[in-house]
Amino acid sequence: MSAHCEELTPTVPRPHAPLLSRDQITAAALRQIDETGALSLPKLAATLNVSVSSIYHHFPSGREEVIEGIRGLLTREMAEPLDQTMDWREYTEQWARRYRSAFARHPHVVPLLTLQTVTAPETLAAYESLATVLRRAGFADEDLLHVVSVLDCFILGSALDASAPLDVWADSGDPESALSAAITATRTQPGDRSERSFEIGLRILLTGLADLIQ
């Protein structure tokens, strides 16, 4: 090629920043899960108008790593870190409410998160803070992981319940039925049924856990 031809060849500038980021991928993945209840990397790539290899470039471990990215994204939605000098009950109450609120907005992602080990740094940091407060309050090391697991199961279950039908149980209409009477009474209560159930459960749970403090 002559020097003259080289001068006529247009120069395409290289982009100054990546066209795709981890946050963009996780946000799009979360939207896909919200809409479909599942995560497909080929569909995610098509949504982002990139190749699947582009996703693997940012998430070398693939699907599981993307899900962990979502976990971290939801943890960041839990707002500023809580004050670890608070009483353990107050800290745990606020932590649980934030945790439930973040995951209740995205109930379809909960089953996917429970299938794999937590590795998201933001989420591990949040659990570390909770464990530190509980340990300082007097929970023994041999009980601590169980306490965190119980809280975790309760909160994630409540997050799923937030998307359940208003009437979880069919009303038989039997005037002698205790369940039917409870359904009728609950319908007349103000506010969100799931949230009321969460608050009752959280109060009972914290009262029971207090028995483990040494």
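The structure we're discussing is the one just above.
Residues numbered from 1 in each chain as written. Predicted model: local features only at pLDDT ≥ 70, side-chain atom pairs only at ≥ 80, totals over all residues. Heavy atoms only, no water.

A. Representation of the overall build of the protein chain within the structure. Secondary structure assignment for the protein chain yields 11 helices and 0 strands. Computed over C-alpha atoms, the radius of gyration of the protein chain comes to 24 Å, more than 25% over the 17 Å expected from 2.2 N^0.38 for 214 residues, which places it beyond the range of a compact globule. Projected onto the principal axes, the alpha-carbon positions of the protein chain cover approximately 95 × 50 × 25 Å. Of all intrachain contacts in the protein chain linking residues separated by at least 6 positions in sequence, the fraction that spans at least 24 positions is 68%. Put simply, the protein chain shows about 13000 Å² of open surface, and 57% of that area lies on carbon and sulfur atoms. Treating the 18 positive side-chain charges of the protein chain as one cloud and the 29 negative ones as another, the clouds have centres 2 Å apart. (Helix = DSSP H or I, 4+ residues; strand = E, 2+ residues; numbered from the N terminus. Rg over C-alpha atoms; globule rule 2.2 N^0.38 Å. Contact = heavy atoms within 4.5 Å. Areas by Shrake-Rupley, 256 points an atom, 1.4 Å probe, with all protein chains shown as cover. Lys, Arg positive; Asp, Glu negative; His and termini not counted. Charge placed at Lys NZ, Arg CZ, Asp CG, Glu CD.)

B. Just the packing of aromatic side chains, in detail. One pass over the full model with this rule turns up 6 aromatic pairs. Summarising the aromatic geometry, the rings of W88 and F139 are spaced 5.1 Å apart at their centres and angled 80 degrees between planes, so their arrangement reads as edge-to-face. Taken together, the residues span a long stretch of sequence, with W88 in helix 6 (residues 88-104) and F139 in the loop between helix 8 (121-137) and helix 9 (141-161) at a distance of 51 residues. Neither W88 nor F139 differs from the other in exposure class; each is buried. Measuring from ring centre to ring centre gives 6.0 Å for Y99 and Y127, while their planes differ by 85 degrees; the resulting arrangement is edge-to-face. Of this pair, Y99 sits in helix 6 while Y127 sits in helix 8, and the two are 28 residues apart along the sequence. Joined through ring pairs, the aromatic side chains of W95, Y99, F103 and Y127 make up one cluster. Geometry around F198 places R100 over its ring, the cationic atom sitting 5.0 Å from the centre. (Phe/Tyr/Trp six-rings, centres within 6.5 Å; stacked < 30°, edge-to-face > 60°. Buried < 20%, exposed > 50% of the residue type's maximum accessible area, 1.4 Å probe, protein only. Lys NZ or Arg CZ within 6 Å of the ring centre and 35° of its normal.)

C. Quick look at the pattern of salt bridges. According to the stated counting rule, one finds 10 salt bridges in the structure shown. Across the pair E93 and R97 runs a salt bridge, and its minimum N-O distance is 3.8 Å. On the criterion of helical spacing, the pair formed by E93 and R97 is a turn pair, its members being 4 residues apart in helix 6. You can call E93 partly exposed: its relative accessible area is 27%. The salt bridge involving D141 is made with R135; its shortest N-O contact spans 3.0 Å. D141 gets classed as partly exposed once you look at its relative accessible area, which sits at 47%. Put simply, D23, R76 and E122 are held in one network by salt bridges that share partners. (Salt bridge = Lys/Arg side-chain N within 4 Å of Asp/Glu carboxyl O.)

D. Here's a closer look at unusual backbone geometry. Positive phi values are uncommon outside glycine, yet N49 reaches one of about 60 degrees. In this fold, N49 is placed in the loop between helix 3 (41-48) and helix 4 (52-58). A residue is classified by how much of its surface remains accessible, and N49, at 71% relative accessible area, is exposed.

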